[in-house]
Structure formats: structure tokens, C-alpha cells
Amino acid sequence: MRPDAVHAVIAVKNLDRAKSRLAERLPAPARSRLVLAMLSDTVAAALAAGLGSVTVVTPDQRVATAMAELGAVVHPDPAATPPADAPTDSGDGLNTALASAAAAVRERHGAVDLLALQADLPAVHAEDLVSMLATAPPTGRAVVVDHTGRGTAALLVRAPGPTALMPRFGPDSARRHRESGAVELLGAWPGLRLDVDTAADLDRAIELGVGPATAALLRDIGWPGGVHEKLIGRCPTPSHVC
């Protein structure tokens, strides 16, 4: 399946609420900047992979402006009434946002393939996404489990057919996506599987090689002692600089 037949959707909440688990290491302004940098690298990788489009749904105008400048489509945060395929759960509004964006993409482009991505994948490479799409089955839904084995890094639904994205993000989402019929994909793709929630996650992403926006931000905030040395020379693809 050609990557340009797949359209990505990414949901981002207000930057002021982002990454509370990093609060002991970073003040709120730095966390907001980090989230935006990681999102920028995630979107850039998706665009470099040749996906048909990338849609970002967010209530935050700073995110909307930055993503539009990168070439993403910006979708407004949905109203309180969720779409039919977004169940009420503990996904903190993520499922409602993704289902709304997915419906908007199919309204624009028809019954296309949809790929829901986490917003915090600073080490994902375009090659990871292309390889994953080539591995996925030609029909139905598929899930890429994150590095913890419990969460979801990506959720894919193939067209043709009436199958909806049916996001089940939130606690233990990998199990819930499998139970809802999604096939688990077993490729390596370490950058795709590494969504960053903790300081340890961020250090691991640095070891893998983060994208240019995240690398620049980490240098600027001085994360942490020795990070510059780790970043130097870790440029596995042209889109990931150090």
C-alpha cells in the first residue's frame, strides 16, 4: 500500500496541561516547548514518509499555528458531544478528538486509510512509518503497541469498507485495541514505539536519535548534563539532526 493513500490524525491537548510526569525535571514553560518540539518532529516524519495528509486536532492556538506552518491540516477541537465511534472512556478526550479528525479526513478524501499517531514520538523516522505500513494487513484495523507493552503508539484502519478508526486510547489501550479487533503489528520500529512521557523515555529517545526540533529544544534548555555529547553524531537519517 502506497504511503500517500494513508492519512494521519494526531491529537494534542492544551500545551499548558502537557507532560505532568516531567514536572520534577522541567518547569511548565519548558514542558510546553518540549511537547511542541516533539509534535513537530512527529509531523515532519509523517510528511517525509509521503502520507496523503497529516491532520492535527487541538484546542491550542500555538499548536495550530505551528502545525499549519509545517504543512499539516488543523482540525478544531471537537464539541462536547463525541462522534459515534468514540466511546466514553478514560482517554482524556483523545478518542473524541481522533474520531472527529478521522471523520473530517474521510469527509474530505473519501474512504481512505487512517493512521492515528501519538503526538510525542521525537525519535520516529519516516522509514519506520513506511515499513510499518508495508507490514500491515491490507484490510481491517492494526495496532502498534508502545515500548511499555501496554499503550498504543499507532492505530491504523484500512479502506475500502465502512470500518471506522474506533480509537481506544487511555490506560491499557493496547489490550483494548486488540480486544476491539485490531491486529498487533510485530515489527521493531523503536522510534515509532517510543512515546515520551517520562525523563527515562526522553533519555532513550536521545539515544535513538531525536528529530531536529526536539534536539534544538533540548540543547536550549540544557537537558540534562551530557545531553549535547549524546546528541552529537546521532543522525540516523537526514531528517534527524544533532
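Residues numbered from 1 in each chain as written. Predicted model: local features only at pLDDT ≥ 70, side-chain atom pairs only at ≥ 80, totals over all residues. Heavy atoms only, no water.

Participant: Kindly report on the confidence of the model for the protein, identifying the contributing residues and their values.
Facilitator: Mean pLDDT over the protein works out to 88, with 86% of the residues at or above the 70 mark. Predicted confidence is poor over residues 86-90, with pLDDT under 50, and the contacts of this stretch with residues over four places away or in other chains come to 11 contacts. (pLDDT = per-residue confidence, 0-100. Contact = heavy atoms within 4.5 Å.)

Participant: Give me the lowdown on the packing of helix H1 (residues 28-48) against helix H8 (residues 212-221), citing residues and values where you can.
Facilitator: Packed helices, taken two at a time, are described by their axes: the angle between them and the distance between them. Packing of H1 against H8 brings their axes to within 7 Å, and their N-to-C directions diverge by 155°. Classified by the angle between their axes, H1 and H8 sit roughly antiparallel to one another. The segment H1 lies against H8, with Ala30, Arg33, Leu34, Ala37, Met38, Ser40 and Asp41 engaging Pro212, Ala213, Thr214, Leu217, Leu218, Asp220 and Ile221. Across the contact of H1 with H8, the residue classes tally to nine nonpolar, two polar and three charged. (Axes fitted to C-alpha atoms, helices over the stretch in contact; angles between N-to-C directions. Helix = DSSP H or I, 4+ residues; strand = E, 2+ residues; numbered from the N terminus. Parallel < 35°, antiparallel > 145°, perpendicular 65-115°, else oblique. Nonpolar A, V, L, I, M, F, W, Y, C, P; charged D, E, K, R; others polar.)

Participant: Break down the pairing of strand E4 (residues 113-117) for me, citing the residues and quoting the values.
Facilitator: Judged by how many residues are buried, E4 sits mostly within the fold: five of five residues are covered. Residue alternation in E4 divides its side chains into two sets, Asp113, Leu115 and Leu117 and Leu114 and Ala116, and both sets are buried. Sheet topology places strand E1 (residues 6-11) next to E4; five bridges connect them, and they run parallel. Counterpart to alanine 8 in the pairing with E4 is leucine 115. Judged from the four bridges that link them, E4 and strand E6 (residues 152-157) form a sheet pairing that is antiparallel. Across the sheet, the residue bridging to alanine 116 is leucine 155, located in E6. (Buried < 20%, exposed > 50% of the residue type's maximum accessible area, 1.4 Å probe, protein only. Pairing = 2+ DSSP bridges.)

Participant: Describe the side chain of aspartate 113, with residues and values.
Facilitator: Positionally, aspartate 113 belongs in strand E4. A polar side-chain atom of aspartate 113 sits 2.5 Å from the main-chain amide nitrogen of alanine 159. (Polar contact = N/O pair within 3.5 Å; in protein donor to acceptor, adjacent residues only side chain to side chain.)

Participant: Residues and numbers for the pattern of salt bridges, please.
Facilitator: With the rule as written, the count across this model stands at 10 salt bridges. The salt bridge involving aspartate 197 is made with lysine 19; its shortest N-O contact spans 2.9 Å. Of this pair, aspartate 197 sits in the loop between helix H6 (190-193) and helix H7 (199-208) while lysine 19 sits in the loop between E1 and H1, and the two are 178 residues apart along the sequence. Put simply, aspartate 60 and arginine 62 hold a salt bridge, and the shortest N to O gap is 2.8 Å. Aspartate 60 gets classed as buried once you look at its relative accessible area, which sits at 3%. Take arginine 62: its relative accessible area is 41%, and that puts it in the partly exposed class. The network of salt bridges with common partners includes Asp16, Asp60 and Arg62. (Salt bridge = Lys/Arg side-chain N within 4 Å of Asp/Glu carboxyl O.)

Participant: Can you tell me about unusual backbone geometry, naming the residues and giving the values?
Facilitator: Despite not being glycine, aspartate 172 shows a phi value in the positive range, around 60°. Secondary-structure assignment places aspartate 172 in the loop between E6 and helix H5 (173-179). Overall, the relative accessible area of 32% leaves aspartate 172 in the partly exposed class. Its identity as a non-glycine residue notwithstanding, tryptophan 189 has a phi of 40°, on the positive side. Note that tryptophan 189 resides in the loop between strand E7 (183-184) and H6. Since its relative accessible area comes to 6%, tryptophan 189 is described here as buried.

Participant: Mind laying out the nonpolar core, listing which residues take part and the relevant values?
Facilitator: Core analysis: the largest hydrophobic core is formed by 37 residues, its most contacted members being Ile10, Val56, Leu115, Leu117, Leu129, Met132 and Leu192. When residues of this core are traced back to their parent elements, those giving at least two are E1, H1, strand E2 (53-58), helix H2 (61-70), E4, helix H4 (126-135), strand E5 (141-145) and E6. For this core, the leading source of residues is H1, giving five residues. Those residues in contact with leucine 192, other than ones at most four positions away along the chain, are Leu117, Leu121, Val124, Asp128, Leu129, Met132, Val144, Ala153 and Ala154. (Core = buried A, V, L, I, M, F, W, Y, C linked by side-chain atoms within 4.5 Å.)

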